[in-house]
Amino acid sequence: MEYLVLALILLGVLLLGTVGLVVPRLRRRPEPPLPETSVRTRPTGEVPGPTVEAPETDRAGTGTVTAPPPTEPVAPPVAPPVEPAPTLERPEPTAGRLVRLRARLSRSQNVFGKGLLTLLSRDHLDEEVWEEIEDALIGADVGVDATREIVDRLRERTAVLGTRTAVELRTLLAVELVNALDPGMDRSLRATPHDGTPGVVLVVGVNGAGKTTTCGKIARVLVADGRTVLLGAADTFRAAAAEQLTTWGSRVGAEVVRGPEGADPASVAFDAVRRGIELGVDTVLIDTAGRLQNKVGLMDELGKVKRVVEKHGPVDETLLVLDATTGQNGLEQARVFMEAVDVTGVVLTKLDGTAKGGIVIAVQRKLGLPVKLVGLGEGPDDLAPFEPAQFVDALIGVDPLGAGA
Ligand SMILES: Nc1nc2c(ncn2[C@@H]2O[C@H](COP(=O)(O)OP(=O)(O)OP(=O)(O)O)[C@@H](O)[C@H]2O)c(=O)[nH]1
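Quick caveat: nothing in here was measured; it's all calculated off a predicted structure.

**Q** Break down helix 13 (residues 388-396) for me, citing the residues and quoting the values.
**A** When you tally the buried positions in helix 13, you get seven out of nine residues, the bulk of the element. Three or more residues of helix 13 are buried, namely Pro388, Phe391, Val392, Asp393, Ala394, Leu395 and Ile396. Tucked inside the fold, the buried residues of helix 13 contact helix 2 (97-100), helix 3 (106-120), helix 6 (166-180) and helix 12 (359-367). Gly397 sits one or two residues past helix 13 and shows a positive phi near 75°.

Following this line, the structure appears as structure tokens:
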């Protein structure tokens, strides 16, 4: 009997244990199915996209899942752009530039080539015709004295020649114009280094005459001839002038020394020459400001620039830039500059924009200075060494090879 009671108790305990293990299991919720994932392999070269957070689970049990606000795509880190090295330009060779640019003198060609030659080929060269010839020359800015000389000589020569063919007349006129341009003048640009220091060229002139442009063009002329150049932006009055010069320099690989706006031009010029010596360049070209509002101030400033630069050595060339379209006014301005510094040569710009090509004759005679270079356009290589015979050939339409026009 005792055994039977023991067996019943054991059975009861076993039953209770089984129920206790099974019931809690049945009460547990089933696990939600795992969300599906799509795996996409990134094609080679594709930049990994921004990481997007997984949507929030339905914590509130409403059955709706609110997507997070769209996030701005975050750009992957990009390396800073590398500035491409500037491609250096190869300026055109200087030889033959005047011949290449002869068509740019078309306005002046009308006066000299067409006008004068037509007058000279009249059947009767009476007083009236000679006066017309004089007027044409004066109108082309040749200047009164030079015109008288040219006309007197032409009168003599045509009187001696009985017959006057077109070729003879053209030759007579050409000879007189070349004479008036004084072909014996030294027009070489003194820009070569000496005693281990660079040649120093100071460029002066009234604002707007084309000074900065001319500095840039001269740098190209020198580079075309195989020289190394450094530019000094001593026109600190106008910030854009230094910018302009920097652009010209970078195109031919010439370093530019500049100071802050309003800096002392003399100190910039001094630094430019010092740097030129350090680098061992052949030539240092210095652009200056040319305000004429205050003549005394201008003279003081230019005088100081020259004196300070000369602490390094002599200034080899002081070029005065004159705008050909300002005619006789330009000559007045020129005198102011000549009082301030020893000008050694003239650059006559914008000859392409005037019918008064005779200004070259007037400039040389009135200032007693050689025109060394002429500007014939806004292009970077539109600056030519001046050569009287080629210039006259271009004016009166004579082919430089002697074929005639
Ligand atoms: N047609 C023509 N334009 C020229 C010539 N030379 C210069 N110019 C133009 O003249 C304008 C004035 O030139 P700049 O070099 O800025 O004159 P700047 O004398 O240096 O003037 P600042 O810098 O103010 O002192 C520019 O538009 C040039 O392109 C030329 O030979 N022919």
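Still more ground to cover, so stick around.
**Q** Outline the site of the ligand, supporting the account with residue identities and numerical values.
**A** Taken together, 21 residues surround the ligand, and among them Gly210, Lys211, Thr212, Thr213 and Gly375 come closest. With three residues, the single largest contributor to the shell around the ligand is helix 7 (residues 211-224). Partitioning the shell around the ligand into residue classes produces three nonpolar, 11 polar and seven charged.

**Q** Describe the nonpolar core, listing the residues and the values that go with them.
**A** In this structure, Ala219, Leu231, Ala269, Leu285 and Leu348 are the most contacted members of the largest nonpolar core, which totals 92 residues. Those residues in contact with Leu231 that lie beyond four places of it in its chain are Cys215, Ala219, Leu245, Gly249, Ala254, Val256, Leu285 and Asp287.

**Q** Outline the packing of helix 3 against helix 4 (residues 127-139), listing residues and values.
**A** Direction vectors running N to C along helix 3 and helix 4 enclose 170°, while the axes themselves pass 9 Å from each other. As the angle between them shows, helix 3 and helix 4 are arranged roughly antiparallel. Across from Val111, Gly115, Leu116, Leu119 and Leu120 in helix 3, the residues of helix 4 making contact are Val129, Glu132, Ile133 and Ala136. Residues belonging to the contact of helix 3 with helix 4 are distributed by class as follows: seven nonpolar, one polar and one charged.

**Q** Can you explain the pairing of strand 4 (residues 283-288)? Please cite residues and give values.
**A** With respect to burial, strand 4 is a largely interior element, six of its six residues being buried. Summarising the sheet, strand 2 (residues 229-234) and strand 4 pair through six bridges and their orientation is parallel. By the bridge assignment for strand 4, Leu231 is matched with Leu285.

**Q** Now, about the confidence of the model for the protein: what can you tell me, with residues and values included?
**A** Taken as a whole, the protein shows an average pLDDT of 80; of its residues, 76% reach a score of 70 or greater. Within the model, pLDDT remains below 50 along residues 16-71, and this stretch shows 15 contacts once partners closer than five positions in the same chain are excluded. We note a pTM of 0.77 for the whole complex and an ipTM of 0.95 for its interfaces.

**Q** Let's hear about unusual backbone geometry: which residues, and what values?
**A** For Asp141, which is not a glycine, the phi torsion comes out positive at approximately 65°. Here Asp141 shows up in the loop between helix 4 and helix 5 (144-160). A positive phi angle, close to 50°, is found at Asp182, a residue other than glycine. Here Asp182 is to be found in the loop between helix 6 and strand 1 (199-204).

**Q** Describe helix 11 (residues 327-340), and please don't skip the residues or the numbers.
**A** Of all the residues in helix 11, the buried ones are Gly330, Ala334, Phe337 and Ala340. Here the buried residues of helix 11 occupy an arc of 105° about the axis, which is enough to place them on one side. Residues of helix 11 that are exposed and angled more than 90 degrees away from the buried face: Gln328, Asn329, Glu332 and Arg335. The inward-facing, buried residues of helix 11 contact strand 1, helix 10 (295-309), strand 5 (317-323) and helix 12.

**Q** Describe the environment of Ile150, naming the residues involved and giving the relevant values.
**A** Residue position: Ile150 is located in helix 5. Look at Ile150 and you get buried, because 23 C-beta atoms sit within 10 Å. Sequence separation of Ile150 and Leu173 is 23 residues, and the distance between their C-alpha atoms is 8.5 Å. Setting aside its immediate chain neighbours within four residues, Ile150 contacts Leu137, Glu176 and Ala180.

Conventions adopted
- Residues numbered from 1 in each chain as written.
- Predicted model: local features only at pLDDT ≥ 70, side-chain atom pairs only at ≥ 80, totals over all residues.
- Buried ≥ 20, exposed ≤ 12 C-beta atoms within 10 Å, placed from the backbone.
- Helix = DSSP H or I, 4+ residues; strand = E, 2+ residues; numbered from the N terminus.
- Contact = placed C-beta atoms within 7 Å.
- Near = placed C-beta within 6 Å.
- Nonpolar A, V, L, I, M, F, W, Y, C, P; charged D, E, K, R; others polar.
- Core = buried A, V, L, I, M, F, W, Y, C linked by C-beta atoms within 7 Å.
- Axes fitted to C-alpha atoms, helices over the stretch in contact; angles between N-to-C directions.
- Parallel < 35°, antiparallel > 145°, perpendicular 65-115°, else oblique.
- Pairing = 2+ DSSP bridges.
- pLDDT = per-residue confidence, 0-100.
- Arc of directions from axis to C-beta.

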